[in-house]
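Residues per chain, in single letters:
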Amino acid sequence: MAFITKADIRLHLLCIFFAIGSFVWGYNVGILSSVLVHPGFVEAMGHLTPSKKGVITAIYYLGTWLSYVFISHPVSDLFGRRYAALVGIITVAVGNAFECGVTGSGAYAMMIVGRIISGIGVGMLSTSVPLYQSEVAPAGKRGKYVVLNHVGFVAGLAVGFWVGYGVTFWNATEHDVYVSWRVSLAVIQVPCFIFGVGLPFLPETPRWLIEHGHYEVASKSLHWLREGSFSEAEVDGELTRIREDVDAHRGSGTTSWTSLFTNRSLFERLWRASLLQFMAQMCGATAMKYYLPTLFAKLGLPTRVTLMAGGIESTLKIGMTVIEMMLIDRLGRRVTLTAGCVAMGLGMLINGVLGQVYPDNTNSAADVVCIVFIFIYALGYSMGFGPAAWVYGSEIFPTSVRARGLNLSASAGAIGSIVVAQVWPVGIDTIGSNIYFFFMAVNFVCIPIIVLLYPETKGRPLEDMDLLFNKNISGVSEDIDEHSEPVLPKNISRPSQS
């Protein structure tokens, strides 16, 4: 019979607290969608063209790309997952201050600078959070704990939309219009402060500690993280396996970033994680996150209603992501990814078809159906690419190159975001609903790619990923041991084999 242990409580609290970092990331995205259509912002920026609006969105992802490739992984490897998150949250706060203060003839340039700085900070946050969650979680529950990263993200996204909706009522005077959108941006400083103050008091991950030779501290950390869920012998065995894995990779020379390209097993993981992150953005997610109010406006909704609809959509995502937490360790990464692609592709298909059959909002029922299927698209993303791309990328690399592997693969996602952020506003403005067919095709193409090319990782210890991918290279079935079972805490009973 299952019961709650000290380890369960500690891991949930740790991973929820780290999700505050993801909340900051999500709020950064959600609030911008309302800021882009706020009268005060439009006036301050000088009535932006669609391409300039796209630059404001895309330049943020240039910042994340720079962080992923050059900044985030060395900070995470040198100072640990906690302090990488701390540097990231401080950087986001500085970038946000630039964004809030834009004014005068240099407003657009100042916004660009703020967006780049925020992107650099989010690059560190968006990788250090799932890295931490993945490295502290037991194998059988790893997916659930890492999905908390996405729960934090969609919660931030929803709050950003609702705050954006709320400030539309703060418009009694010209000064209110001037100040309200700036306050909506500045709200993010509150969770930044809470997260930054708390991080130094949390334990570092045992795997990072062992990688850096802090064996005694690592032992105390792992015993604290497993207390009540695993026996002393099981914890000692896990600690030994981690140390052996670290020593093996150190001895084989696969500890530098170049090994991700020169070692075949590591490169097999790198291109898979990179392609997954790229597909996660090319499916249209970036457009939906940033341009949802603009999209609803195209369907004939007034500005305030579009922001409310965006808030509802993002709030529903929270519920779907919580459901994903319950499913990802049961159904596996591939099933949730493919199911999400089906839902997203269907959502894009219906919007494209109805936009062609009933152009210029000539049928109100068709507009309602389009909105419903935009919601279905969003739920599909929250079940598939949204959380699962980060879960997969954070678990397949060995400790010595895990931060570098995740960051380099995430940089492919940043490239996809830049492309979509530029393509969507121009595409919707020039070819209208035909743009949906492009993203529909991307989602449907992703399905066979995932099914054929991605080994299942659910339930496997991080130290077993070498065996999984080495067998995959050799052409052996991904079920490397059909009699093996996922490693579960002792308070979780295994299903009957009868």
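For clarity, every value in this text was computed on a predicted model and none was experimentally measured.

Asks: Talk me through the overall build of the protein chain; I want residue IDs and the actual numbers.
Replies: What the protein chain contains, in helices and strands, is 21 helices and zero strands. The C-alpha atoms of the protein chain give a radius of gyration of 23 Å, which matches the 23 Å a tight globule of 498 residues would have. For the protein chain, the residues scored as buried account for 59% of the 498 residues in total. A fraction of 83% describes how many contacts in the protein chain between residues 6 or more apart in sequence connect residues 24 or more apart. When the accessible surface of the protein chain is summed, it comes to about 18,700 Å², and 68% of that surface belongs to carbon and sulfur atoms.

Asks: Describe helix α19 (residues 402–430), listing the residues and the values that go with them.
Replies: When the terminal C-alpha atoms of α19 are compared, their 42 Å separation across 29 residues agrees well with the 42 Å that a helix rising 1.5 Å per residue should span. The buried count for α19 comes to 21 of 29 residues, which makes it a mostly enclosed element. Among the residues trailing α19, glycine 432 stands out with phi positive, at a value near 60 degrees.

Asks: Please provide a residue-by-residue account of the packing of helix α4 (residues 81–100) against helix α8 (residues 189–198), values included.
Replies: Remark: α4 packs on α8, axes separated minimally by 10 Å, with the N-to-C direction vectors making an angle of 160 degrees. Here α4 is positioned roughly antiparallel relative to α8, judged by the angle of their axes. Handedness of the crossing formed by α4 with α8: left-handed. Touching Ala85, Leu86, Ile89, Val92, Ala93, Asn96 and Ala97 of α4 are Gln189, Cys192, Phe195 and Gly196, all from α8.

Asks: Can you lay out the state of the cysteines for me, pointing to particular residues and giving the numbers?
Replies: Inspection of the entire model under this criterion finds zero disulfides. Cysteine 192 forms no disulfide, and the closest cysteine sulfur to it belongs to cysteine 100, at a distance of 10 Å. On the basis of relative accessibility, which here comes to 5%, the residue cysteine 192 falls in the buried class. Of all cysteine sulfurs, the one in cysteine 446 lies closest to cysteine 283, which takes part in no disulfide; the gap is 7.0 Å. Since its relative accessible area comes to 0%, cysteine 283 is described here as buried.

Asks: Tell me about the environment of valine 401, and please be specific about residues and values.
Replies: Mapping valine 401 onto the fold places it in the loop between α18 (385–395) and α19. Look at valine 401 and you get buried, because its relative accessible area is 0%. Separated by 142 residues in the primary sequence, valine 401 and serine 259 have C-alpha atoms spaced 8.5 Å apart. Setting aside anything within four residues of it in sequence, one finds valine 401 in contact with Thr254, Thr255, Ser256, Ser259, Leu260 and Leu266.

Asks: Go over the pattern of salt bridges with me, naming the residues and quoting the values.
Replies: One pass over the full model with this rule turns up 21 salt bridges. For the salt bridge of arginine 142 with glutamate 395, the shortest nitrogen-to-oxygen distance reads 2.7 Å. Here arginine 142 is found in helix α6 (residues 142–166), whereas its partner glutamate 395 is found in helix α18, with 253 residues between them in sequence. Its relative accessible area of 0% is what places glutamate 395 among the buried residues.

Asks: So what's going on with the packing of aromatic side chains? Which residues, and what values?
Replies: The final tally for this structure, using the stated rule, is 15 aromatic pairs. For the pair tryptophan 25 and phenylalanine 153, a centre-to-centre distance of 4.5 Å together with 55 degrees between the ring planes defines the contact as tilted. Of the two residues, tryptophan 25 is situated in helix α1 (residues 6–35) and phenylalanine 153 in helix α6; the sequence distance between them amounts to 128 residues. On the numbers, 5.9 Å between centres and 80 degrees between planes, the contact of tryptophan 162 with tyrosine 165 is edge-to-face. You can see tryptophan 162 and its partner tyrosine 165 sitting in helix α6, three residues apart, about one turn around the helix. Residue tyrosine 165 is classed as buried on the basis of its relative accessible area of 18%. An aromatic cluster is defined as three or more aromatic residues linked by ring pairs; in this entry it consists of Phe17, Phe18, Tyr132 and Phe195. The positively charged end of arginine 243 is found above the aromatic ring belonging to tyrosine 215, 3.6 Å away from the centroid.

Asks: Could you give an account of the packing of helix α5 (residues 107–136) against α6, with specific residues and numbers?
Replies: In a packed pair of helices, the relevant descriptors are the angle between the two axes and the axis-to-axis distance. Two elements in contact, α5 and α6, have axes separated by 8 Å at closest approach and are oriented at 160 degrees. Here α6 runs roughly antiparallel to α5, going by the angle between their axes. Considering only the axes of α5 and α6, their crossing is right-handed. For the pair α5 and α6, the contacting residues are Val129, Pro130, Gln133 and Ser134 in the first and Arg142, Tyr145, Val146, Leu148 and Asn149 in the second. Of the residues contributing to the contact of α5 with α6, the split by class is five nonpolar, three polar and one charged.

Asks: Lay out the environment of glycine 311 in plain terms, naming residues and giving numbers.
Replies: Note that glycine 311 resides in helix α15 (residues 303–331). For the pair glycine 311 and glycine 160, spaced 151 residues apart in sequence, the C-alpha to C-alpha distance is 7.9 Å. When residues no more than four places from it in sequence are discounted, the contact partners of glycine 311 are Phe161 and Trp162.

Asks: Go over the confidence of the model for the protein chain with me, naming the residues and quoting the values.
Replies: Low-pLDDT stretches of the model should not have their predicted coordinates read in fine detail. Of the residues in the protein chain, 92% reach a pLDDT of 70 or more, and the chain-wide mean stands at 88. Taken together, the stretch residues 476–489 has pLDDT below 50 and engages in 30 contacts with residues farther than four places along the chain or on a different chain. Segment residues 491–498: pLDDT under 50, and 14 contacts once partners within four positions in sequence are set aside and those in other chains are kept.

Asks: Describe the nonpolar core, and please don't skip the residues or the numbers.
Replies: Ranked by internal contacts, the top residues of the largest apolar core, which has 109 residues, are Phe41, Ile56 and Phe385. No other element matches the twelve residues that α1 contributes to this core. Discounting chain neighbours no more than four positions away, the residues touching isoleucine 56 are Leu32, Leu36, Phe41, Met45, Leu48, Tyr108, Met111, Ile112 and Arg115. One finds Leu222, Phe230, Val235 and Leu239 within the second-largest nonpolar core, a separate group that totals ten residues.

The rules behind each value
- Residues numbered from 1 in each chain as written.
- Predicted model: local features only at pLDDT ≥ 70, side-chain atom pairs only at ≥ 80, totals over all residues.
- Heavy atoms only, no water.
- Helix = DSSP H or I, 4+ residues; strand = E, 2+ residues; numbered from the N terminus.
- Rg over C-alpha atoms; globule rule 2.2 N^0.38 Å.
- Buried < 20%, exposed > 50% of the residue type's maximum accessible area, 1.4 Å probe, protein only.
- Contact = heavy atoms within 4.5 Å.
- Areas by Shrake-Rupley, 256 points an atom, 1.4 Å probe, with all protein chains shown as cover.
- Expected span 1.5 Å × (residues − 1).
- Axes fitted to C-alpha atoms, helices over the stretch in contact; angles between N-to-C directions.
- Parallel < 35°, antiparallel > 145°, perpendicular 65-115°, else oblique.
- Left-handed = near helix turned anticlockwise from the far one by under 90°.
- Disulfide = S-S within 2.5 Å.
- Salt bridge = Lys/Arg side-chain N within 4 Å of Asp/Glu carboxyl O.
- Phe/Tyr/Trp six-rings, centres within 6.5 Å; stacked < 30°, edge-to-face > 60°.
- Lys NZ or Arg CZ within 6 Å of the ring centre and 35° of its normal.
- Nonpolar A, V, L, I, M, F, W, Y, C, P; charged D, E, K, R; others polar.
- pLDDT = per-residue confidence, 0-100.
- Core = buried A, V, L, I, M, F, W, Y, C linked by side-chain atoms within 4.5 Å.

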